[in-house]
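One letter stands for each residue in the lines below.
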Amino acid sequence: MSEMHVIEAVELTKTYEEGRIAALSGMSLAVRPGEFVGIVGPSGCGKSTLLHLVAALDRPDAGVLRVAGHDLAHEPDLSHYRAQHIGIVFQLHNLLPSLTASENVQVPMFELGWRRGDRVARARDLLGLVGLRGRETHRPTQLSGGERQRVAIARALANDPRILLADEPTGSLDSQAGDQVLDLLERVRSESGTTLVLVTHDAGVASRADRLVHMLDGREVEDGSIPRSAALAIAGRRRERVSP
Ligand SMILES: Nc1ncnc2c1ncn2[C@@H]1O[C@H](COP(=O)(O)OP(=O)(O)O)[C@@H](O)[C@H]1O
Ligand SMILES: [Mg+2]
């Protein structure tokens, strides 16, 4: 295992439904600290499954997965690992509708056992960071789609994660709100040195990454060793093919 990489996956496999569905079949990936890696590929190729394994929301069936020094195939306490190292943003914001923006951002801090005063202050700072100062008491229904996603990013940053995972974070937003969310993720990454792994099927979004990993049928087919422009052209062609 190389110390150079914060995420190292070797020949990962993951199946569902007692092996009938192969979501990952031999996926390998290496990400350096602070890198912004875009994961692209057609629907169903295993992108979300890969992020779920890195986030330790699920375990691989086989292969090696080492993240932030943890061997995730054997790590005994996955929720502690996640609370320490991982922030995750999904396509749908997954905010709890009955909680305010501030309370939603505080959810991971409950899990870390923080005191109320510290939670409230940190949530206020994080909402300021994502451009939502003054919206602390708003509920998700009182916010736009882009604003909800920014609350979700603030929540993902609550534990000051080394690794930020984003699964189609702009997939349900219009292009202007999507650009704001991407600007925010890039700013967080450059200011905090956070490693950013972002899944997208949008070639424009992918063009923001330092490096693209292209997946097909549960494994990588290109991992940035070819020029990004060539990978983008491939992503664009695949996208046209799957679009109606
Ligand atoms: N919980 C699950 N149960 C059964 N099959 C699943 C589950 N999650 C994903 N799959 C299947 O695994 C494959 C990879 O899915 P996924 O990782 O979501 O792909 P992507 O995010 O690239 O669209 C797909 O065939 C999908 O239907
Ligand atoms: Mg997906």
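Everything here concerns the structure above.
Residues numbered from 1 in each chain as written. Chains lettered and ligands numbered in written order. Predicted model: local features only at pLDDT ≥ 70, side-chain atom pairs only at ≥ 80, totals over all residues.

K.L.:
So what's going on with the site of ligand 1? Which residues, and what values?
P.N.:
Around ligand 1 sit Tyr16, Glu17, Ile21, Ala23, Ser43, Gly44, Cys45, Gly46, Lys47, Ser48 and Thr49, and that is every residue in its neighbourhood. Where the shell around ligand 1 is concerned, the elements lending two or more residues are β2 (21-31) and α1 (47-54). For the shell around ligand 1, the leading source of residues is α1, giving 3 residues. (Near = placed C-beta within 6 Å. Helix = DSSP H or I, 4+ residues; strand = E, 2+ residues; numbered from the N terminus.)

K.L.:
A description of the nonpolar core should follow, citing residues and the corresponding values.
P.N.:
Ile39, Val54, Ile153, Leu165 and Val197 are the most contacted members of the largest nonpolar core, which has 62 residues in total. Leave out the neighbours within four places in its chain, and Ile153 touches Val89, Val130, Leu184 and Leu185. (Core = buried A, V, L, I, M, F, W, Y, C linked by C-beta atoms within 7 Å. Buried ≥ 20, exposed ≤ 12 C-beta atoms within 10 Å, placed from the backbone. Contact = placed C-beta atoms within 7 Å.)

K.L.:
Describe helix α5 (residues 145-156), listing the residues and the values that go with them.
P.N.:
The end-to-end C-alpha separation of α5 is 17 Å, in line with the 16 Å expected for 12 residues at 1.5 Å each. In terms of residue burial, α5 counts as a mostly covered element, since 11 of its 12 residues are buried. By the burial criterion, the buried members of α5 are Gly146, Glu147, Arg148, Gln149, Arg150, Val151, Ala152, Ile153, Ala154, Arg155 and Ala156. Packing partners of the buried residues in α5 comprise β6 (86-89), α3 (101-111), α4 (116-129), β7 (163-167) and α6 (175-192). (Expected span 1.5 Å × (residues − 1).)

K.L.:
I'd like a rundown of the sheet that holds strand β4 (residues 62-67), residues and numbers included.
P.N.:
In space, the 4 strands of this open sheet follow the order β2-β1-β4-β5, with antiparallel pairing throughout. The sheet is open, and its two edges are formed by β2 and β5 (70-71), each paired on a single side. Pairing of strand β1 (residues 7-16) with β2 involves 8 bridges; the strand directions are antiparallel. Opposite Glu8, over in β2, you have Ala30 as the bridge partner. (Pairing = 2+ DSSP bridges.)

The analysis is restricted to geometry; functional conclusions fall outside its scope.
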